[in-house]
Number of protein chains: 2
Amino acid sequence: MAQRDGAGRAPLSRDRVLRAAVVLADRAGLEALSMRSLAQELGVVPMALYKHVANKEQLLDGMVDAVVAEIEPPADDADWRTVVRGCVLSARRALLRHPWAVRVIETRSSPTPGVLAHLDSVVGTFRAGGFSVDLTHHVMHALGSRVWGFTQEVFPSPPPPDPEARTAALRELSGRYPHIAEIVLRGGGHEDASVVGRGCDDQFEFEFALDLLLDGFERLRAQGWSSAARSAGESRAQGA
Amino acid sequence: MAQRDGAGRAPLSRDRVLRAAVVLADRAGLEALSMRSLAQELGVVPMALYKHVANKEQLLDGMVDAVVAEIEPPADDADWRTVVRGCVLSARRALLRHPWAVRVIETRSSPTPGVLAHLDSVVGTFRAGGFSVDLTHHVMHALGSRVWGFTQEVFPSPPPPDPEARTAALRELSGRYPHIAEIVLRGGGHEDASVVGRGCDDQFEFEFALDLLLDGFERLRAQGWSSAARSAGESRAQGA
DNA sequence: ATCCCTGGTGTACGCCGTACACCGATGCGC
DNA sequence: GCGCATCGGTGTACGGCGTACACCAGGGAT
């Protein structure tokens, strides 16, 4: 805005563009974020942005990763429950700071690298806490089928049909996100997983989470739970 | 498409517009649904639609309610758990038939009447099953913080500041959705609810659901749960 | 016969994302 | 020092969007 017009403007960069986009969405809302408004914000002509992001979708991808990067990494020195709880609440705080983010995340057709990295670290925490690959898998779905808003599928819907391309994709996956790969490649679990990386039984995952909650509800009901005590699990006490 | 052009076209109506919109979104995807494409589908000029829906947002509202209307009403003759389970799974089936619907629901700024009616009937089931108003409230949040995608706030964010308008809104609410009203007006619960209908402590609701899940996870882990058995809760057995 | 009301039409505006041609500066091989 | 490619910003233009607004055909009430 107040910068000298003409030559004196700081040079654009993918990073500057992304940051400005996040700020603009925070301030004016997602619907006010257009390539044109963002360009104006940066004192630049709309088409200039396309030298730094391929298109608006990629801009949104970048914004998601910028938000996800704000999630504090797990502190590895506590039990799994404390660590996971901290991770989830940190994610929640990040998403509350950028209320547009969950909507954007949910419209991504496949998860961004930042999201994958975050999920991977949570998976790693469960594994280190003594969860089997199998249970970790379902538990991630239970958290994801909507406590978070993200999870769903790691592969952009179906994995590549070409077997060569698939093994390449898998190798890449296990290099970058070892814990996620472990789940994708799990030996046991769904006995019908004839094809490796075939995705999973969505209906099962949904009912798994649902029944977990229903079990919890019944327990609370049976013991006459009341929020006055402000303690959610029978054995948990939480501050605030 | 194939209908006689000119006079012989069946007359439009809000219902026909909504139905055509749902069909078009099912077939071509949400991003292919525009007022123009929908009008073409109906063999009509775009502006004709505006005689039946106020604008595109209201069109989307109507589509949501059309989908929600497909959810089977609870069968009242079973225990709460069976009924709720049936409701949620029926909702899920409806949403799977119309994959665009959850995205649309999540962009509504306040819940549509159909959504409210559905929630109200689920709340009623919990209440009839012996859940306190208080516990029902939290339990709905736990289900809603994201097992479903909807819930959040009943009032369009803050209730009207004018006290007269607010009591009118509340009277309307308890007439139409008595069970929801009961929760909004609950006496106990959050002791800081100095203003009636003030909304609720979102952070508390989130942690409530989170800890419920974490408790469940821990139980499963401790007992060496494996999906081979295909039974999610310790005490539940479910078909297929 | 008149009038108005309902519902479909036509035109037009301002926004959007972005393809494409262009152009000034910068840096590099000669 | 010079030609030239490369990179980052520009300007114009196109097709699509939602929708405001003026218009009009036909039918029912008066």
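Residues numbered from 1 in each chain as written. Chains lettered and ligands numbered in written order. Predicted model: local features only at pLDDT ≥ 70, side-chain atom pairs only at ≥ 80, totals over all residues. Heavy atoms only, no water.

Looking at a nonpolar patch on the surface
All names here are of chain A.
Item 1. Taken together, the side chains of Val45, Met47 and Tyr50 make up a nonpolar region of the molecular surface, amounting to roughly 310 Å² of accessible area.
Item 2. Relative to the elements of secondary structure, tyrosine 50 occurs in the loop between α2 (35-41) and α3 (56-68).
Item 3. Exposure remark for tyrosine 50: the relative accessible area of 34% places this residue in the partly exposed category. (Patch = residues over 30% accessible without salt bridge, like charges linked within 9 Å, V, L, I, M, F, W, Y side chains within 5 Å. Areas by Shrake-Rupley, 256 points an atom, 1.4 Å probe, with all protein chains shown as cover. Salt bridge = Lys/Arg side-chain N within 4 Å of Asp/Glu carboxyl O. Helix = DSSP H or I, 4+ residues; strand = E, 2+ residues; numbered from the N terminus. Buried < 20%, exposed > 50% of the residue type's maximum accessible area, 1.4 Å probe, protein only.)

Here's the deal with the environment of alanine 21 of chain B
Residues and elements named next belong to chain B.
Item 1. Following the sequence through the fold, alanine 21 ends up in helix α1 (residues 14-28).
Item 2. The exposure class of alanine 21 is buried, given its relative accessible area of 0%.
Item 3. C-alpha separation for the pair alanine 21 and leucine 42, spaced 21 residues apart in sequence, amounts to 9.5 Å.

A few points about the protein's contact with DNA strand D
Item 1. Neighbouring DNA strand D are 16 residues; Met47, Lys51 and His52 of chain A together with Arg36 and Tyr50 of chain B lie closest to it.
Item 2. Protein-adjacent atoms of DNA strand D, using a 4 Å cutoff, are sugar or phosphate at a proportion of 41%.
Item 3. Side-chain polar atom of lysine 51 of chain A to a base oxygen of DNA strand D: 2.5 Å apart, as the coordinates give it.
Item 4. Within the contact set of DNA strand D, a base nitrogen lies 2.3 Å away from a side-chain nitrogen or oxygen of arginine 36 of chain B.
Item 5. Taken together, the residues of the surface near DNA strand D break down into 8 nonpolar, 3 polar and 5 charged. (Near = heavy atom within 4 Å. Polar contact = N/O pair within 3.5 Å; in protein donor to acceptor, adjacent residues only side chain to side chain. Nonpolar A, V, L, I, M, F, W, Y, C, P; charged D, E, K, R; others polar.)

Concerning the packing of helix α4 (residues 80-97) of chain A against helix α6 (residues 113-128) of chain A
Residue and element names in this part refer to chain A.
Item 1. In the contact formed by α4 and α6, the axes pass within 9 Å of each other and the chain directions differ by 160°. Judged by the inter-axis angle, α4 sits roughly antiparallel to α6. For the pair α4 and α6, the sense of crossing is left-handed. Here α4 contributes Trp80, Val83, Val84, Cys87 and Ala91 to the contact with α6, which in turn contributes His118, Val122, Thr125 and Phe126.
Item 2. Its residues assigned to classes, the contact of α4 with α6 comprises 7 nonpolar, 2 polar and no charged. (Axes fitted to C-alpha atoms, helices over the stretch in contact; angles between N-to-C directions. Parallel < 35°, antiparallel > 145°, perpendicular 65-115°, else oblique. Left-handed = near helix turned anticlockwise from the far one by under 90°. Contact = heavy atoms within 4.5 Å.)

Topic: the pattern of salt bridges
Item 1. Under the criterion given, the structure shown has 14 salt bridges over all chains.
Item 2. Taking the shortest distance from any N to any O, the salt bridge between arginine 97 of chain B and glutamate 70 of chain B comes out at 3.0 Å. On the criterion of sequence distance, the pair formed by arginine 97 of chain B in helix α4 (residues 80-97) and glutamate 70 of chain B in the loop between α3 (56-68) and α4 is long-range, its members being 27 residues apart.
Item 3. By relative accessible area, which is 45% here, arginine 97 of chain B ends up partly exposed.
Item 4. Bridged by salt links that share partners, the residues Glu57, Asp61 and Arg108 of chain A form one connected network.

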